Amino acid sequence: MHQRVLRDMHIKDLDPNTISDKIFPLEHATVVSAELRDNSVPFEVDTGAGDNFKCSEVWHQMGKPPLQPVTSRFESASGHPLPVLGSFQEKIKVEGTKPTLINLVVTKISKLNILGRSAIKELNIAVDRMLQQIKQIKGSQFYSKSTQPKSALQTACKSLCAEFPTFFSPGLGLLKDFELDIKFKVDAKPVFCKPRTVPLVVQDDLEKAYDAGIAKRGWKLTTFSSYGTPVVPIRNKALQEQPKAQIRVCGDYSVTVNPQLKTHRHSIPKPEDLMRRLGGDHYFSKIDLADAYNQIQLSPASQEKLALSTHRGVLLQQRLPFGITSAPGYFHEVMDQLTHDLPGVAVYIEDCLVSRTDADSHLQNLRRLLQRLEENGLRCRMEK
């Protein structure tokens with residue numbers, strides 16, 4: 001038989017002699033206090049585990065009740081084997097329930113005490129109520145934390161943002177002292193596509209988008225170019241202050257440069273990696289940079305290779321455009337370099353996430369991030 005304990009241990013070798021307390025931090029788990037032989041023992045309630053587990057330390061304290069051999073093989077969610085000694089049955093009582101005989105598997109992993117689905121059902125543990133107001137244990141003391149954001153903290157965050165008027169000012173930011181050179185394959189060749197026919201319904205708006213690009217993004221018309229990518233006009237969602245949704249000018253790089261780009265190898269974190277990094281915190285803020293890619297300056301050679309082929313002529317883009325396959329990797333690498341030393345900050349491409357366990361520390365982390373971004377010339381729209 002085979003059982004899987006849905007609990008990601010994040011370690012390669014489950015050696016019980018080398019596992020530290022940090023692997024299973026009870027302060028960030030959903031925990032109940034259970035009575036075993038007049039002793040109070042904290043158990044994590046884990047709906048992903050089919051069976052129930054008790055660490056060998058508690059088993060020793062109970063006088064080492066006789067164990068029965070187990071025929072199942074247990075694994076963590078990451079696929080690593082879970083070393084066990086055997087199993088025994090013991091009456092367990094949690095708050096509001098009668099003592100109930102529960103089967104417990106003794107594991108060599110220090111402080112690993114889990115009540116799985118079988119115990120949750122037998123003890124009638126109200127998991128939904130626990131998720132609404134998680135009770136956490138330190139020693140034998142319970143304390144609760146509300147997951148609702150406090151209006152005072154929201155007001156403090158808004159006041160803090162007001163201290164950085166340049167960062168939240170209108171217009172497009174530009175990362176200081178940086179120029180990005182897009183890497184192409186050795187055998188890359190110039191590709192030029194003629195401009196595509198523009199539908200009449202978007203012609204006027206597209207003209208305005210070209211004018212805005214020339215005025216705000218530094219686009220430049222050029223007479224000679226070996227590169228030219230056709231334009232795909234995309235209508236953005238209208239903002240509150242806009243009577244009509246605007247057109248975003250994007251290049252169809254799939255037919256020109258994308259097949260010839262070197263693959264950018266900078267790792268972009270998965271959502272579960274971000275959750276793991278921010279896990280245990282109670283306060284969160286998100287900074288979404290405005291037109292994030294366009295705040296990165298391109299080298300002259302990259303400007304030519306990413307030029308747009310339009311009915312006005314060839315437009316050179318001075319900023320990193322949307323649409324090239326390596327853009328997310330380049331931008332995320334830049335943001336990682338900017339924020340890697342800031343506590344409580346995690347970056348997912350153009351989104352900067354700030355977190356902390358208490359309000360004061362959260363504001364400190366947010367201040368550091370806003371100061372770092374403003375000092376480096378980046379900007380954000382307040383409505384984002």
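Residues numbered from 1 in each chain as written. Predicted model: local features only at pLDDT ≥ 70, side-chain atom pairs only at ≥ 80, totals over all residues. Heavy atoms only, no water.

Caption draft 1: Inspection of the nonpolar core at higher detail. Formed by 53 residues in total, the largest nonpolar core has its most connected members in Phe 167, Ile 182, Ile 287 and Leu 289. Looking at this core element by element, the count peaks at six residues for helix α8 (residues 327–339). Other than its neighbours up to four places away in sequence, Phe 167 contacts Ile 287, Leu 289, Leu 370, Leu 373, Glu 374, Leu 378, Arg 379 and Cys 380. Counting residues in each nonpolar core, the second largest holds 21 residues, with Cys 55, Val 58, Ile 92 and Ala 119 among its members. (Core = buried A, V, L, I, M, F, W, Y, C linked by side-chain atoms within 4.5 Å. Buried < 20%, exposed > 50% of the residue type's maximum accessible area, 1.4 Å probe, protein only. Helix = DSSP H or I, 4+ residues; strand = E, 2+ residues; numbered from the N terminus. Contact = heavy atoms within 4.5 Å.)

Caption draft 2: The arrangement of the pairing of strand β7 (residues 100–107) in detail. Buried residues dominate β7, accounting for six of its eight residues. Pairing analysis gives three bridges linking strand β4 (residues 53–55) to β7, with the strands arranged parallel. Residue pairing in the sheet places Lys 54 in a bridge with Val 106 of β7. Linking strand β6 (residues 84–94) back to β7 in an antiparallel pair, the connection comprises five residues, with Gly 96 at a positive phi of about 85 degrees. (Pairing = 2+ DSSP bridges.)

Caption draft 3: Just the side chain of Asn 113, in detail. With respect to the element layout, Asn 113 can be found in the loop between β7 and β8 (114–115). A polar atom in the side chain of Asn 113 sits 2.9 Å from the backbone nitrogen of Cys 55. When neighbours within four sequence positions are excluded, Asn 113 is seen to be in contact with Val 41, Pro 42, Phe 43, Glu 44, Phe 53, Lys 54, Cys 55 and Val 58. (Polar contact = N/O pair within 3.5 Å; in protein donor to acceptor, adjacent residues only side chain to side chain.)

Caption draft 4: How the structure looks around the sheet that holds strand β17 (residues 345–348). With antiparallel pairing, the three strands of this open sheet are ordered in space as β14-β18-β17. Of all strands in the sheet, those with a lone pairing partner are β14 (283–288) and β17, marking the two edges. Going from strand to strand, the sheet's axes swing by 20 degrees on average, the running direction of each strand aside. Sheet analysis places β17 next to strand β18 (residues 351–356), joined by four bridges and oriented antiparallel. Across the sheet, residue Val 345 finds its bridge partner in β18, namely Val 354. The strands touched by α8 within the sheet are β17 and β18, with β17 carrying the most contacts at an inclination of about 170 degrees. (Axes fitted to C-alpha atoms, helices over the stretch in contact; angles between N-to-C directions.)

Caption draft 5: How the structure looks around the sheet that holds strand β16 (residues 313–316). Taken together, five strands build an open sheet; the order of strands is β11-β16-β15-β12-β13 and the sheet is mixed. Every interior strand has two partners, whereas the edge strands, β11 (220–222) and β13 (247–251), have only one. Each neighbouring strand pair of the sheet contributes to a mean axis angle of 45 degrees, computed without reference to strand direction. Where strand β15 (residues 308–310) and β16 come together, three bridges link them in antiparallel fashion. Considered in β16, the bridge of Ser 309 is made with Val 314. Contacts between helix α5 (residues 200–216) and the sheet are confined to β12 (229–235), β13, β15 and β16, with β13 contributing the most and set at about 75 degrees to the helix.

Caption draft 6: Up close: the UniProt feature "coiled-coil region" (unreviewed entry) in the protein. This chain's UniProt record puts "coiled-coil region" (unreviewed entry) on residues 356–383. Measuring from the first to the last C-alpha atom of residues 356–383 gives 23 Å, for a span that is 61% helix and 4% strand. (UniProt positions renumbered as here; feature names shortened; annotations may be inferred.)

Caption draft 7: Representation of the pattern of salt bridges within the structure. In this structure the tally under the stated criterion is 11 salt bridges. Taking the shortest distance from any N to any O, the salt bridge between Glu 90 and Arg 37 comes out at 3.1 Å. Taken as a pair, Glu 90 in strand β6 and Arg 37 in the loop between β2 (31–36) and β3 (39–45) lie far apart in primary sequence, 53 residues in all. In this structure Arg 37 comes out as partly exposed when scored by relative accessible area, which is 44%. Among the salt bridges present, the one from Asp 252 reaches Arg 196, with a minimum N-O distance of 2.7 Å. In this pair, Asp 252 sits in the loop between β13 and α6 (271–278) while Arg 196 sits in the loop between α4 (151–161) and α5, placing the two residues 56 residues apart along the sequence. In this structure Asp 252 comes out as buried when scored by relative accessible area, which is 17%. We classify Arg 196 as partly exposed; its relative accessible area is 39%. Each of Arg 217, Arg 248, Asp 291 and Arg 381 takes part in one network of salt bridges that share partners. (Salt bridge = Lys/Arg side-chain N within 4 Å of Asp/Glu carboxyl O.)

Caption draft 8: The side chain of Asn 376, seen in detail. Along the chain, Asn 376 turns up in the segment after α9 (359–375). A polar contact of 2.7 Å, which involves the side chain of Asn 376, links it to the backbone oxygen of Arg 372. For Asn 376, the residues in contact, after removing those within four places along its chain, are Leu 174, Leu 175, Lys 176 and Leu 338.

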